[in-house]
Structure formats: structure tokens, C-alpha cells
Amino acid sequence: MRLVGPLLLLVSALWLADALLSRDRTVGWERNTVRNALNRVHMAKDARVAILGSSTSADWLPNAFAAQTLGRKPAEVVDAHLNGCHQPCTWSEVQGLRAQGRRYDIVLFGTNLFQQCEFASPKRQLQDEMLLPTASIPAAFALYAQSQDPLGYVARFLGVKLSGVYGDTGFLQSDWRSATLGAPSATEAWRWARSAPPPAAGTHDCSYEDDAIAYKTAVTEALLDDLRDVAGLTYLMLLPDDLLTTGTPAQQAAWEKHRSLHAALFEPRPWVKLVDLSTGLPGLPGARRREDFRDGVHVSPAGLKAQQALFTARMKALGAKP
């Protein structure tokens, strides 16, 4: 019993320090990204079309263009994407939309090949923790069980739940390092957020081995099923990358598996339509040249035109009428 008082004092001190350092969980790049998306959804109460996914879904799909393609008014389209939002993050966002009783006529969701592999990152569980209703946490943990590191996923989620500092350590380390020691050089900045240097800029590769894609496949299935409660029709967009023309035979084979997998996922779900933007049409190749990309997956101005032209043709073939 003598330890109860000191233990409570220690917990209170840690809680206060965590609140001060994280400014009551209000700081951080990733936190603001999630909050901005939630605010856009909240403000767009009359929206009938929602754009979900990561920046690769939304950069080339502004509201006005999406509205024109679908025969809608720009105000009827809400940009609900989050930067760096892979399938689990979008699934978590959809759980929140379901809990709020949100309903759209159409949802547009884009996914890249590299997103099909896990590429673990601390921000994944931060996104989940901020987006998930409490009632959906057990379902998220059940999906974590399909991953290559289920206990790590659960531990990171609980860590974010318990600590605001843990939730966005990259930002806080950079912030405090700059405030106390000055801004780090470009060659050492990564040391404050990770144990190994980040990969070189360029195309994200995905081995597409069965164990590497099992978790994201399970999440995609759950996402497509749950979108039935959120939208009358979901357009599942396969987004291109620069490996389509520069990739090795193994990378090209991964793309074939990627297309086949998503064809199998949408086929038994009549509320889902597949929009394959990784293959072109006669006279409309889409974003397929290296100069069509400003990095491995985000389109350049030239790629923007090619991507939008192919998207318009694909949507017209699927019955979308402006």
C-alpha cells in the first residue's frame, strides 16, 4: 500500500509531461493531416461524392474534375483523402463514416501497387487511433492478426492511445532538436525519427509475395464490404506508377498479380466497379512514361492530363454520365 501514493504521483507526472510535450495531442504533421480530412468531411454535409485514399488518389482528382466526370456540382464532392493513407487507414475512416450515419451516392477510392505491402510506419497506428470509433477497435485488432507483425501493430496502437508524445515522435523530436540544438543537417535529420536512413526517393517497390500482401488484402476486402453501408456505388481505382514502363520482369509480374487480385475482389461485389488506370486505351495510354511522374507514384503536370483523359474514358465506359 505504501507504493500506491508514489506510483500515482509518478503516473500523474508522466501524464502531465506527456500533455505538455504533445500540447494536449495537438501537434504533429500526421495529427493535423487527419484532423484536416475530418474537418473537410464534417463541413461538407451536403456532399454526395467522396474521394478516399492517399494523396495519389486526390492529387490528380480535384473536386471540379471529379464533379464534371460524374455530372455533379463541385460542392457535391468532398475530398476526404489523407496523405499517406493506405487501405487500413481508409478502412478506419470508413468506420467513422458508418458510425456517423454518413451516406454518399458514390465513393472513389484509389490504391497503388506498393500500398498492397505492409511497409510498417508509426503513423499507420496513429491514423487508426484517431479515426476509429471505440466499437471498431476489436475489428481492427482482428485485421492486425493477418499482418506479419500483429503484436507490433497492437502495441503501437496502444502506445498511441496512451501517449500523445509516442503518437507523433518524428515531429516532436525534430521540433525539440531544432529548439535546443538548432536545425539538423539534411544528412542527419533522419536520426531523430528512425533507426535507419530513409530509402532513396523514387519508386516504391513491392515484392507481392503472399505473406507480404495478406494483411492489406484482408483489409481491402473488409473495406469494400463496409463501403456498401457508406455509398451506393464504389469505384475502385488501380493507380499507375512508373514501374509500368521501367520495371523489371519481376515488377511487371507483380503488376499482373495486382490486377488479378483486384479483379477477383470486385467481381463478387456488385456495388463495386473496377477502374483500371494502370492499362491504357487506344490513343489514351494514361500516365505511363517516366516524365508522367514527379516521383515513383505521384503524377507530373504531363501525367495529370494523361491520367485524367484515361479516367474520363474509363468512367464513360462504366456508365458515368456527365
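Summary of the structure given here. (Residues numbered from 1 in each chain as written. Predicted model: local features only at pLDDT ≥ 70, side-chain atom pairs only at ≥ 80, totals over all residues. Heavy atoms only, no water.)

Our next topic: the state of the cysteines. One pass over the full model with this rule turns up two disulfides. Here Cys 85 is linked by a disulfide to Cys 89, with a sulfur-sulfur distance of 2.0 Å. The sign of the S-S torsion, about -100°, decides the handedness of the disulfide formed by Cys 85 and Cys 89: left-handed. The pair formed by Cys 85 and Cys 89 is uniform in burial state, with each residue classed as buried. Paired through a disulfide, Cys 117 and Cys 206 show a sulfur-sulfur distance of 2.1 Å. Judged by the sign of its S-S torsion, about 75°, the cystine formed by Cys 117 and Cys 206 is right-handed. With Cys 117 in the loop between strand E3 (104-111) and helix H6 (122-131) and Cys 206 in the loop between helix H10 (169-181) and helix H11 (210-226), this pair connects stretches of sequence that are 89 residues apart. Taken in N- to C-terminal order, the disulfide-linked cysteines of the protein chain are connected 1-2, 3-4. (Disulfide = S-S within 2.5 Å. Buried < 20%, exposed > 50% of the residue type's maximum accessible area, 1.4 Å probe, protein only. Helix = DSSP H or I, 4+ residues; strand = E, 2+ residues; numbered from the N terminus.)

Okay, helix H14 (residues 301-317) next. With 17 residues, H14 should cover 24 Å at 1.5 Å per step; its first-to-last C-alpha distance of 25 Å lies within 8% of that length. Along H14, the residues that are buried comprise Gly 303, Ala 306, Gln 307, Gln 308, Leu 310, Phe 311, Arg 314 and Met 315. Along its buried surface, H14 packs onto helix H4 (63-70), E3, strand E4 (231-238) and strand E5 (272-276). (Expected span 1.5 Å × (residues − 1). Contact = heavy atoms within 4.5 Å.)

On to the environment of Phe 157, then. Topologically, Phe 157 is positioned in helix H8 (residues 150-162). Dropping the residues within four chain positions of it, Phe 157 is found in contact with Gln 125, Asp 128, Glu 129, Leu 132, Ile 137, Phe 141 and Tyr 144.

With that out of the way, let us pick up the packing of aromatic side chains. What the rule picks out here adds up to eight aromatic pairs. With centroids separated by 5.3 Å and ring planes inclined at 85°, the aromatic side chains of Tyr 153 and Tyr 215 adopt a geometry described as edge-to-face. You can see Tyr 153 sitting in helix H8 and its partner Tyr 215 sitting in helix H11, a full 62 residues away along the chain. Its relative accessible area of 4% is what places Tyr 153 among the buried residues. Owing to a relative accessible area of 2%, Tyr 215 belongs among the buried residues under this scheme. Joined through ring pairs, the aromatic side chains of Phe 141, Tyr 144, Tyr 153, Phe 157 and Tyr 215 make up one cluster. The ring of Tyr 153 is capped by Arg 156, whose NZ or CZ atom sits 5.0 Å from the centre of that ring. (Phe/Tyr/Trp six-rings, centres within 6.5 Å; stacked < 30°, edge-to-face > 60°. Lys NZ or Arg CZ within 6 Å of the ring centre and 35° of its normal.)

Strand order in this open sheet of five strands is E2-E1-E3-E4-E5, and the pairing throughout is parallel. Looking at which strands have only one partner, the edges of the open sheet turn out to be strand E2 (77-79) and E5. Pairwise comparison of adjacent strand axes, ignoring direction, gives a mean angle of 20° for this sheet. Bridge analysis of strand E1 (residues 49-52) against E3 gives four bridges, and the strand direction is parallel. The residue bridging Ala 50 from the neighbouring strand is Val 107, located in E3. Contacts between H4 and the sheet are confined to E1, E2, E3 and E4, with E2 contributing the most and set at about 145° to the helix. Of the strands in this sheet, E1 and E3 touch helix H5 (residues 87-100), which is tilted by about 165° from E3. (Pairing = 2+ DSSP bridges. Axes fitted to C-alpha atoms, helices over the stretch in contact; angles between N-to-C directions.)

Turning our attention to the nonpolar core. The biggest cluster of nonpolar side chains holds 45 residues, and the ones touching the most others in it are Leu 52, Val 78, Trp 91, Tyr 104, Val 107, Tyr 208 and Leu 227. Top element by residues in this core is H11. It accounts for seven residues. Leave out the neighbours within four places in its chain, and Tyr 208 touches Leu 113, Gln 116, Cys 117, Ile 213, Ala 254, Lys 257, His 258, Leu 261 and His 262. (Core = buried A, V, L, I, M, F, W, Y, C linked by side-chain atoms within 4.5 Å.)

Looking now at helix H2 (residues 29-43). The periodicity of an α-helix, 3.6 residues per turn, causes residues three or four positions apart to be oriented the same way. Here H2 is 15 residues long and its end C-alpha atoms lie 21 Å apart, about the 21 Å a rise of 1.5 Å per residue gives. For H2, the complete set of buried residues consists of Glu 30, Arg 31, Val 34, Ala 37 and Val 41. All buried residues of H2 project into a common sector of 135° when viewed along the axis, lining one side. Considering only its buried residues, H2 is in contact with E2, H5, E3, H6 and helix H9 (164-167). (Arc of directions from axis to C-beta.)

Turning next to the pattern of salt bridges. Throughout the structure, instances matching the rule amount to 15 salt bridges. Between Asp 105 and Arg 72 there is a salt bridge, with its nearest N and O atoms 2.9 Å apart. Residue Asp 105 is located in strand E3, and its partner Arg 72 is located in the loop between H4 and E2; the two are separated by 33 residues in the primary sequence. On the accessibility criterion, Arg 72 (24% relative accessible area) is partly exposed. Arg 269 is paired through a salt bridge with Asp 225; the nearest N and O atoms lie 2.7 Å apart. Highlighted residues: Arg 269 in the loop between helix H13 (249-266) and E5 and Asp 225 in helix H11, separated in sequence by 44 residues. Judged by its relative accessible area of 10%, Arg 269 falls in the buried class. By sharing partners, the salt bridges in this structure join Arg 48, Arg 72, Glu 76 and Asp 105 into a single network. (Salt bridge = Lys/Arg side-chain N within 4 Å of Asp/Glu carboxyl O.)

This part is about the packing of H2 against H6. One way to put it is that H2 packs onto H6 with a least axis distance of 10 Å and a crossing angle of 35°. Read as a crossing pair, H2 and H6 show a hand that is right-handed. Residue-level inspection shows Glu 30, Arg 31, Val 34, Arg 35 and Leu 38 of H2 in contact with H6, the latter providing Lys 123, Leu 126, Gln 127, Met 130 and Leu 131. Across the contact of H2 with H6, the residue classes tally to five nonpolar, one polar and four charged. (Left-handed = near helix turned anticlockwise from the far one by under 90°. Nonpolar A, V, L, I, M, F, W, Y, C, P; charged D, E, K, R; others polar.)

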